[in-house]
Amino acid sequence: MERISHFIAGKVVPGESGRHGDVFNPATGERTHQVDFATAEEVGRAVEAARAAAGPWGTTSLARRAEILFRIRRTLDAHRGDLARAVTLQHGKVLSDAAGEVARGIDNVDYACGIPNLLAGRYAERASTGVDVYSVRQPLGVVAGITPFNFPAMVPLWMCASAIACGNAFVLKPSEKDPAASMLLAELFSEAGLPDGVFNVVQGDKVAVDTLLAHPDVRAISFVGSTPIARYIYEEAARHAKRVQALAGAKNHMVVLPDADVQMAADAAVSAAYGSAGERCMAVSVVVPVGRVAEPLVQAITERLSNLRIGPGLDEKSEMGPLVTKEHREKVASYMDSAAKQGAKVLVDGRDHPLYGKDGFFFGASLIDQVTPEMDCYRDEIFGPVLSVVRAGTYDEAMTLVNANPWGNGAAIFTRDGGAARRFQEEVEAGMVGVNVPIPVPVAYFSFGGWKASLFGDTHIYGPESINFYTRGKVVTERWPDPSTSAVDLGFPQNR
Ligand code: NAD
């Protein structure tokens, strides 16, 4: 069985702990790899390699750092297909979707290539008589990222592109479910000329994460994953006085007003609910039709589901692949069971998909109508191809529902009414809002982040906010000797 190990100081390093996890091909159900789980000592070695690299890298000129980032960009571009294939083989999403993930990841490298401009500070000449003031931003040193299974290439790039551009050394702890993409990224960065130790990967579980959280040389933690773990990461990192951003789970609502184009709204709902088999933190998992649009919308969505092509991700005809593991599949199925028991109407049932059992962890696209907020399928994040319909009588009822939900990652409205859309974007308690756009993931030069239980910490990820997150600000107030203005003055300095 092939092993997936660590990447420390520019080399693949086999694990020594004897502990490992199983990695599956979700489309066949076959166990294809074992991934090493790091001990605290092994994590310590990765942090030490990063610490040694952080000094020289942090003082490398912006011109040279940008040059290496451009080379990384070219190398990733040349290996888009390999990265997408690595994602599909362990995550299960279809190849075209994996290619989209890789493209959105590379967008973050594009952004980071502008680092000389992004890090340029401000300068105020003659802020006071004979005194100039300027600001600089300096790297933190060693920073760490802990990433989820659902975007094994994109989310590491969300973090490390800016972190490295800012002059830090990075230690990545990827998801143990699909770790191959992170190793490929490490090898491609090296091939592009990134100095050894600037990007390291430690594979593992809670042991590795807890070691990073407590390690005195790790200055900042960036986490993306489920809400309970995000809360834990946030509290632990803060307890160890570290800078932290912990992006978490979601329940994204799509409100459809009576004046919306029903066919367009149905296309959008199906694309956003079932793409990547619903394993996206920005997936639409709840549709909220307002008033008379409910019947035609539910009908239009139902019609589309029978045409979805479900199959292995490497098959070019497939539009939706399997779920990531058997356990996850069972959890998704349990929400269909409880929805039926709790009185919802299962309109399309994916529990007994014909490919399941024979060929991996397939689950059919499912639709549940007449869902109410007390039901488990509404209260929890299902993270599968299950769309719930919660009907609302009025716009206000829809808005109350969305804002009462504990999560606030994305929210979308479908309407032709500009005034209603404007009111929605102002009132909705979510960090990313779509107007006739179902998955409003911001472009790389804006930042990404939710509200409420979708993000712990105050900084959004990638884009401009990442430059602040991965650097420390310093303001220099400077006077050059001019004996004619020198005098003893015990008062608090005032600007003159
Ligand atoms: P997860 O929380 O199970 O795992 C995320 C990371 O935390 C992994 O690296 C995992 O090894 C580690 N981890 C798991 N249990 C841990 C523990 N007890 N202690 C310390 N570390 C632990 O999440 P997942 O299932 O891999 O990913 C899916 C979740 O991520 C969903 O909830 C999804 O909404 C969320 N997500 C959020 C965003 C966002 O930007 N808000 C983006 C992608 C995914």
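Nothing here was measured: the structure is a model prediction, and the numbers come from that model. (Residues numbered from 1 in each chain as written. Predicted model: local features only at pLDDT ≥ 70, side-chain atom pairs only at ≥ 80, totals over all residues. Heavy atoms only, no water.)

(A) View of the overall build of the chain. Looking only at helices and strands, the chain features 16 helices and 23 strands. At 25 Å, the chain has a C-alpha radius of gyration in line with the 23 Å of a compact globule built from 496 residues. Referenced to the eigenvectors of the C-alpha coordinate spread, the extents of the chain come out at roughly 85 × 60 × 40 Å. Side-chain charges in the chain split into 49 positive and 58 negative, and the spacing between the mean points of these groups amounts to 3 Å. (Helix = DSSP H or I, 4+ residues; strand = E, 2+ residues; numbered from the N terminus. Rg over C-alpha atoms; globule rule 2.2 N^0.38 Å. Lys, Arg positive; Asp, Glu negative; His and termini not counted. Charge placed at Lys NZ, Arg CZ, Asp CG, Glu CD.)

(B) Local environment of the domain arrangement of the chain. Its domain assignment divides the chain into domain 1 (2-248 + 454-476) and domain 2 (252-435). Here the C-alpha centroids of domain 1 and domain 2 sit 31 Å apart. Listed by partner, the interface residues are 21 residues for domain 1 and 23 residues for domain 2. Summing both partners gives a buried area of about 1,900 Å² for domain 1 against domain 2, and 63% of it is carried by carbon and sulfur. When the buried area of domain 1 at its contact with domain 2 is split by residue, Ala-27, Val-94 and Ser-454 rank highest and sum to 26% of it. Between domain 1 and domain 2 we count 1 salt bridge in total. With its nearest N and O atoms 2.9 Å apart, the salt bridge here joins Asp-97 to Arg-280. Counting the contacts that link domain 1 with domain 2 gives 8 residue pairs in polar contact (both at pLDDT 80 or more). Of all elements in the fold, only helix H3 (80-91) and helix H4 (95-112) reach the threshold of two or more residues within the side of domain 1 that touches domain 2. (Domains from an automatic or database assignment. Contact = heavy atoms within 4.5 Å. Buried area = accessible area lost by both parts, 1.4 Å probe. Salt bridge = Lys/Arg side-chain N within 4 Å of Asp/Glu carboxyl O. Polar contact = N/O pair within 3.5 Å; in protein donor to acceptor, adjacent residues only side chain to side chain.)

(C) View of the nonpolar core. Counting residues in hydrophobic clusters, the biggest one holds 69 residues, and the most contacted among them are Leu-76, Phe-170, Phe-189, Leu-194, Phe-199 and Phe-448. Among the elements that line this core, the one with the most residues is helix H6 (residues 154-165), at 10 residues. Of the domains in this structure, domain 1 (2-248 + 454-476) and domain 2 (252-435) are the two that each give at least three residues to this core. Leu-194 has contacts with Trp-57, Ile-68, Ile-72, Ile-164, Phe-189 and Phe-199, leaving out every residue within four places of it along the chain. Judged by nonpolar contacts, the second largest core, of 67 residues, contains Val-270, Val-293, Tyr-378 and Tyr-395. (Core = buried A, V, L, I, M, F, W, Y, C linked by side-chain atoms within 4.5 Å. Buried < 20%, exposed > 50% of the residue type's maximum accessible area, 1.4 Å probe, protein only.)

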